[in-house]
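Residue strings, one per chain:
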There are 2 protein chains.
Amino acid sequence: MKKVEICLSPELIHLYDFKGKNVVIVDIFRATSTMMAALANGVASITPVMDLESCRTMEKEGYVIAGERDGKTAEGFTLGNSPLAYLGKKFADEKIAMTTTNGTVAIEKTRELAKNIILGAFVNIKATAEFLISQETDILILCAGWKGKFNLEDSLFAGALVSSLHPHFGTDCDTSIAMRSLYESNEHRLQVFMGQASHAKRLQNHNIESDIVFCLSQNIYDVIGILEDGKLVSR
Amino acid sequence: MKKVEICLSPELIHLYDFKGKNVVIVDIFRATSTMMAALANGVASITPVMDLESCRTMEKEGYVIAGERDGKTAEGFTLGNSPLAYLGKKFADEKIAMTTTNGTVAIEKTRELAKNIILGAFVNIKATAEFLISQETDILILCAGWKGKFNLEDSLFAGALVSSLHPHFGTDCDTSIAMRSLYESNEHRLQVFMGQASHAKRLQNHNIESDIVFCLSQNIYDVIGILEDGKLVSR
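**Re the packing of helix H4 (residues 125-135) of chain B against helix H5 (residues 152-165) of chain B**
Residues and elements named next belong to chain B. Their axes nearest at 9 Å, the elements H4 and H5 cross at an angle of 50°. It follows from the interaxial angle that H4 and H5 lie oblique. Seen from above, H4 lies across H5 with right-handed handedness. Each of Ile125, Ala129, Leu132 and Ile133 in H4 lies in contact with H5, whose residues at this interface are Phe157, Ala160, Leu161, Ser164 and Leu165. Here the residues of the contact of H4 with H5 sort into eight nonpolar, one polar and no charged.

**Examining helix H6 (residues 174-184) of chain A**
Residues spaced three or four apart along an α-helix point in a common direction, a consequence of the helix completing one turn every 3.6 residues. Counting buried residues in H6(A) gives nine out of eleven residues, a clear majority hidden from the surface. Every buried residue of H6(A) is accounted for by Asp174(A), Thr175(A), Ser176(A), Ile177(A), Ala178(A), Met179(A), Ser181(A), Leu182(A) and Tyr183(A).

**Brief notes about the relation of the copies chain A and chain B**
The transform that puts chain A on chain B rotates by 180° and translates by 0.0 Å along the axis, for an RMSD of 0.0 Å. In symmetry terms, the pair is related by a two-fold rotation axis. Identified as the residue of chain A closest to the rotation axis by C-alpha distance is Leu182(A), at 2.7 Å. The overlap is high: 100% of the interface residues of chain A also sit at the interface in chain B, so the same surface is used on both sides.

**Considering the environment of Ala85(A)**
In this fold, Ala85(A) is placed in the loop between strand S6 (72-73) and strand S7 (95-99). Discounting residues that sit within four places of it in the chain, Ala85(A) has contacts with Leu79(A), Lys90(A) and Phe91(A).

About the cut-offs
- Along each chain, the written sequence defines residue order, and numbers are assigned to residues from 1.
- Here every chain gets a letter starting at A, and every ligand a number starting at 1, in the order they are written.
- Selection of residues for local features in this predicted model requires a pLDDT of at least 70, selection of side-chain atom pairs for listing and counting requires 80 or more, and totals for whole chains, interfaces and linings are taken over all residues.
- Excluded from the side-chain calculations are hydrogens and water; all other atoms, namely the structure's heavy atoms, are used.
- To get an axis, a line is fitted to the C-alpha atoms, and for a helix only the part in contact is used. The angle between two axes follows their N-to-C directions and goes from 0 to 180 degrees.
- Each helix corresponds to a stretch of at least 4 residues labelled H or I by DSSP, and each strand to a stretch of at least 2 residues labelled E; elements are numbered beginning at the N terminus.
- Each angle receives one of four descriptions, namely roughly parallel if under 35 degrees, roughly antiparallel if over 145, roughly perpendicular if within 65 to 115, and oblique otherwise.
- Throughout, a crossing is termed right-handed when the near helix is turned clockwise from the far one, and left-handed when it is turned anticlockwise from it by less than a right angle.
- The contact definition used throughout considers only heavy atoms, calling two residues in contact when any of these lie within 4.5 Å.
- When residues are grouped by polarity, Ala, Val, Leu, Ile, Met, Phe, Trp, Tyr, Cys and Pro land in nonpolar, Asp, Glu, Lys and Arg in charged, and all others, Gly among them, in polar.
- Burial classes follow relative accessibility: with a 1.4 Å probe on protein chains only, a residue under 20% of its type's maximum area counts as buried, one over 50% as exposed, and anything between as partly exposed.
- Copies overlap after least-squares fitting; the atoms used are the C-alpha atoms of residues with pLDDT of at least 70 in both.

Next up, the structure:
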């Protein structure tokens, strides 16, 4: 039986083997949720970029640039990191260049060996689970965490995905067992439980509670996000 | 309000601040459970030692030496790593030298800055919680994990301790929120839940299920284990 493992923080990434695996990258607040909103709303592609400066130079090449600093749209950028900006197909057919430190690092570290790199977000979790089940390939879920530490939103998503993959995948990994239990015992009160999380508290301070509600909404979209030739596209 | 944080793996230890904190070292299967069994059964002290060789040389200095290799008593050692060997005050008043890689590293990394270094184990969790509450000092719980990764038994203990400390300590830390929830939703079926854990499965293969049952038993003892002058003693 194929297996699903969870890596809770980028600081633990060296302990895991990606070879031939389907790697799911998770940064619920807000990178991967925003990317899925963009892709499901018709953007042509998203190029993940490490920093604001590199991203800024891509505007001349025809990209719409997206970047945040301290939770707000970075100076000179068209878009910040809010998933709501892409709704109503506002940026359909555009190529997006988006800064995402965690996402870019995770992609760089895993792309050579992984079979596929896939976006993980609550907004399309069922579609992602169905894709993963159809692949019959070992899975590694990589949580972005917060400054190297465990965070609640990414770990809960990882647990939700493991729960969705049951009974098609084995969970020998203690992290998968624990996060699945954590999710299943809190799924009836996810917003309340997440309300305690430190990152959620920080986002609330920026008056972006609507982003949080969006990022915790399940199955708004039925496409997946996947890396092809260095760009994230929908399928 | 004073806070309690959890570090899930020695690989994340550099992300945490120990200064002035009460540090709780956790290695449920079996180092810290065994140490508490030994201390509660009257041993004079336990000197944690990094490796078998260093430990072996201490026999000449009057120490009873304890060490395991692959789950069994190491060759030439009086004791292995089973807590049951100390019951009935069999080694009362003896000085023990015990190999424990994780424990020794955790002590070395934290002893200069920590206020106290305390053993964490289910067998005396209530006494430990009462001591910590009386101290009114920030707490960091350090889980040994398994080969650098998260493990179920240490994380569940950390969650149980956070639960016991409520409402005297704040839990801003996402890890504390998550592990408390994980423990509280599984405490009625701890043995069954732990039966899924990879490390528990490995221990079972060595026919030491009685050790597991012992290590998951709560509040057999009402003393705490604490580091004094490089040795662990009971108080």
